[in-house]
Amino acid sequence: MAQQQTGVVAIYPGSFDPITNGHLDVIERGARLFDRLIVSVLRNEAKAPLFTIDERVEMLRETVAPYPNVEVDSFNGLLADYAMRREAGAILRGIRAISDYENELQMALMNRRLQPGLETVFLLAGETFSFISSRLVKEVISLGGNISGLVPPLVEQRLRARIQLQ
Ligand code: PNS
């Protein structure tokens, strides 16, 4: 396991289109568990995103500004390779429900096969956040529903602006 002299570095990877309060809960708790947490946006995704990579990175940076040991980055290609480049010893993921588990298990085992020693650490979503997903938040706001409390305020403003423009 690659480990920096400065302690354990973890990567929290995802699409973050956009960051929700569920992601933020995982970030807050992950920042307490690890010496350094790198929140990293996947660049090479197939799905059509609502926000560009740069917009997502910017929203993440503004949201995690209060946490001194949290950094925001983006990555291409295999997560296991990126984790090695960043000298990370762990991947952090949140699990909301049993439906998340199967896919997460597959990814964790594949990443372990690609990079033995790279541990995936799962945090159970807090009860208040277990139903929140970026996809549902976008659907609800685009249909005129109330999303306050589901995403950080700055993200809600950007979502409103983006949905109105469409
Ligand atoms: O927020 P998401 O969409 O659930 O995040 C999925 C993510 C980014 C963690 C996953 O798609 C990923 O790690 N992609 C990078 C490509 C890769 O390494 N694929 C093999 C993983 S087993």
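Everything that follows concerns the structure shown earlier in this document.
Owing to the predicted nature of the structure, the values given are computational and were not obtained by experimental measurement.

About the cut-offs
- Residues numbered from 1 in each chain as written.
- Predicted model: local features only at pLDDT ≥ 70, side-chain atom pairs only at ≥ 80, totals over all residues.
- Heavy atoms only, no water.
- Near = heavy atom within 4 Å.
- Polar contact = N/O pair within 3.5 Å; in protein donor to acceptor, adjacent residues only side chain to side chain.
- Areas by Shrake-Rupley, 256 points an atom, 1.4 Å probe, with all protein chains shown as cover.
- Helix = DSSP H or I, 4+ residues; strand = E, 2+ residues; numbered from the N terminus.
- Nonpolar A, V, L, I, M, F, W, Y, C, P; charged D, E, K, R; others polar.
- Contact = heavy atoms within 4.5 Å.
- Salt bridge = Lys/Arg side-chain N within 4 Å of Asp/Glu carboxyl O.
- Buried < 20%, exposed > 50% of the residue type's maximum accessible area, 1.4 Å probe, protein only.

Undergrad: Sorry, what's going on with the site of the ligand here?
TA: In the vicinity of the ligand there are 13 residues, among which Gly14, Ser15, Leu78, Leu79 and Arg93 approach most closely. One of the backbone N or O atoms of Leu79 is found 2.8 Å from an oxygen atom in the ligand. Take Arg93: an N or O atom from its side chain is 3.0 Å from an oxygen atom of the ligand. Protein burial of the ligand: of its 550 Å² of free accessible surface, 74% is covered by the chains. Among the secondary structure elements, those contributing two or more residues to the shell around the ligand are strand E1 (9-14) and helix H4 (98-114). Here the residues of the shell around the ligand sort into seven nonpolar, four polar and two charged.

Undergrad: Would you take a moment to explain the side chain of Asn21 for this structure?
TA: Checked against the element boundaries, Asn21 lands in helix H1 (residues 21-33). Beyond its immediate chain neighbours, meaning those up to four positions away, Asn21 contacts Phe129, Gly149, Leu150, Val151 and Pro152.

Undergrad: Just checking my understanding: could you explain the pattern of salt bridges for this structure?
TA: Summed over all chains, the structure comprises 13 salt bridges. Its salt-bridge partner being Glu58, residue Arg158 comes within 3.3 Å of it at the nearest N-O pair. Here Arg158, found in helix H6 (residues 153-165), pairs with Glu58, found in helix H2 (residues 53-64); they are 100 residues apart in sequence, far enough to count as distant. Under the relative-accessibility criterion, Glu58 is labelled partly exposed at 42%. The network of salt bridges with shared partners includes Arg36, Glu71, Asp73 and Arg86.

Undergrad: Can you help me understand the side chain of Ser133 in this one?
TA: With respect to the helices and strands, the residue Ser133 is situated in the loop between strand E5 (119-124) and helix H5 (134-142). By relative accessible area, which is 14% here, Ser133 ends up buried. A polar side-chain atom of Ser133 sits 3.1 Å from the main-chain amide nitrogen of Leu136.

Undergrad: So what exactly am I meant to see when it comes to unusual backbone geometry here?
TA: Where the residue is not glycine, phi is negative for most of them; where a peptide bond is considered, it is trans in most cases. The amide bond that connects Asp17 to the next residue, Pro18, takes the cis arrangement and shows omega of 0°. Its location among the elements puts Pro18 in the loop between E1 and H1. Of note in this structure, Phe16 is not a glycine but carries a positive phi near 50°. Tracing the chain through its elements places Phe16 in the loop between E1 and H1. In the Ramachandran plot, Glu87 falls in the positive-phi region, its phi being about 55° despite a non-glycine side chain. As for its placement among the helices and strands, Glu87 is situated in the loop between helix H3 (79-85) and strand E4 (90-95).

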